[in-house]
Amino acid sequence: MMTEINDFLAEKGIYMLTVILFFLGMFGMATCGNYMKKLMCMNIMQIAVIFFFLCLGQKSGGTIPVTIAGLLNSDDYINPLPHALMLTAIVVSLGTTGLGLALLMRVKDKYGSIEEEVVIKKGDKEK
C-alpha cells in the first residue's frame, strides 16, 4: 500500500501540489474579508493554473525545441505551445492584478476601508 502511494506521488505529485495550491487560493477567496487578501488569493489561483500547464508541457527525456544534431524525431523535444501560452497568461495576470489594485485604491478612497463588511455597510447606507 505504501509503495503504491509513493509511486503515485512520484508520478503525479506535482499535479496534486498544483491542485492544493489552487484550492488554497479558492478557500482564501471565499473566507477572507479583506479585499487585498482576496486579490492575493486570486493571484495564487492564477499561479497554480500557470504552474499546472507548465508541468503538463514537460516530457521525460525531452529537450528544448531547438535543432540539435542527432535529434531528428519530434518525440525528442518538448511541446513549446504551453510555455508560450503561459507567457500570455502571466501578462494577463499582471494586468488583472494592476486593475485590481487600482480598484482597491478607489474603494479605499470612497469607503475608507478595504474590509468587505465595512464596504457593504457603507454601501447600504448610501442607498
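As a reminder, the structure under discussion sits directly above these lines.
These numbers come from a predicted model, not from an experiment.

Trainee: What should I look at first to understand the packing of helix H2 (residues 35-56) against helix H3 (residues 81-111) in this one?
Mentor: Between two packed helices, the angle of one axis relative to the other and the distance separating the axes together describe the packing. In the contact formed by H2 and H3, the axes pass within 10 Å of each other and the chain directions differ by 175°. Judged by the angle between their axes, H2 and H3 are roughly antiparallel. Of the residues in H3, those touching H2 at Tyr35, Met36, Leu39, Met42, Asn43, Gln46, Ile50, Phe53 and Leu54 are Pro82, His83, Met86, Ala89, Ile90, Ser93, Thr96, Thr97, Gly100, Leu101 and Leu104. Taken together, the residues of the contact of H2 with H3 break down into 13 nonpolar, seven polar and no charged.

Trainee: Just checking my understanding: could you explain the pattern of salt bridges for this structure?
Mentor: A side chain with one charge can pair with a side chain of the opposite charge if their charged atoms come near. Per the stated rule, a full pass over the model turns up one salt bridge. For Lys38, the salt bridge identified is with Glu116, shortest N-O distance 3.8 Å. Taken together, the residues Lys38 in helix H2 and Glu116 in helix H4 (residues 116-126) connect sequence positions 78 residues apart. Classification of Lys38 by relative accessible area gives buried; the value is 15%. Given a relative accessible area of 25%, Glu116 falls into the partly exposed group.

Trainee: Would you mind showing me how to read the environment of Phe27 here?
Mentor: Mapping Phe27 onto the fold places it in helix H1 (residues 2-31). Each C-alpha atom of the pair Phe27 and Ser60 lies 33 Å from the other, and the pair is 33 residues apart in sequence.

Trainee: How should I be thinking about the environment of Cys41 in this particular structure?
Mentor: Here Cys41 shows up in helix H2. According to the relative accessible area criterion, Cys41 is buried, its value standing at 11%. For the pair Cys41 and Ser93, spaced 52 residues apart in sequence, the C-alpha separation works out to 12 Å.

Here is what the cut-offs are and how they apply
Residues numbered from 1 in each chain as written. Predicted model: local features only at pLDDT ≥ 70, side-chain atom pairs only at ≥ 80, totals over all residues. Heavy atoms only, no water. Axes fitted to C-alpha atoms, helices over the stretch in contact; angles between N-to-C directions. Helix = DSSP H or I, 4+ residues; strand = E, 2+ residues; numbered from the N terminus. Parallel < 35°, antiparallel > 145°, perpendicular 65-115°, else oblique. Contact = heavy atoms within 4.5 Å. Nonpolar A, V, L, I, M, F, W, Y, C, P; charged D, E, K, R; others polar. Salt bridge = Lys/Arg side-chain N within 4 Å of Asp/Glu carboxyl O. Buried < 20%, exposed > 50% of the residue type's maximum accessible area, 1.4 Å probe, protein only.

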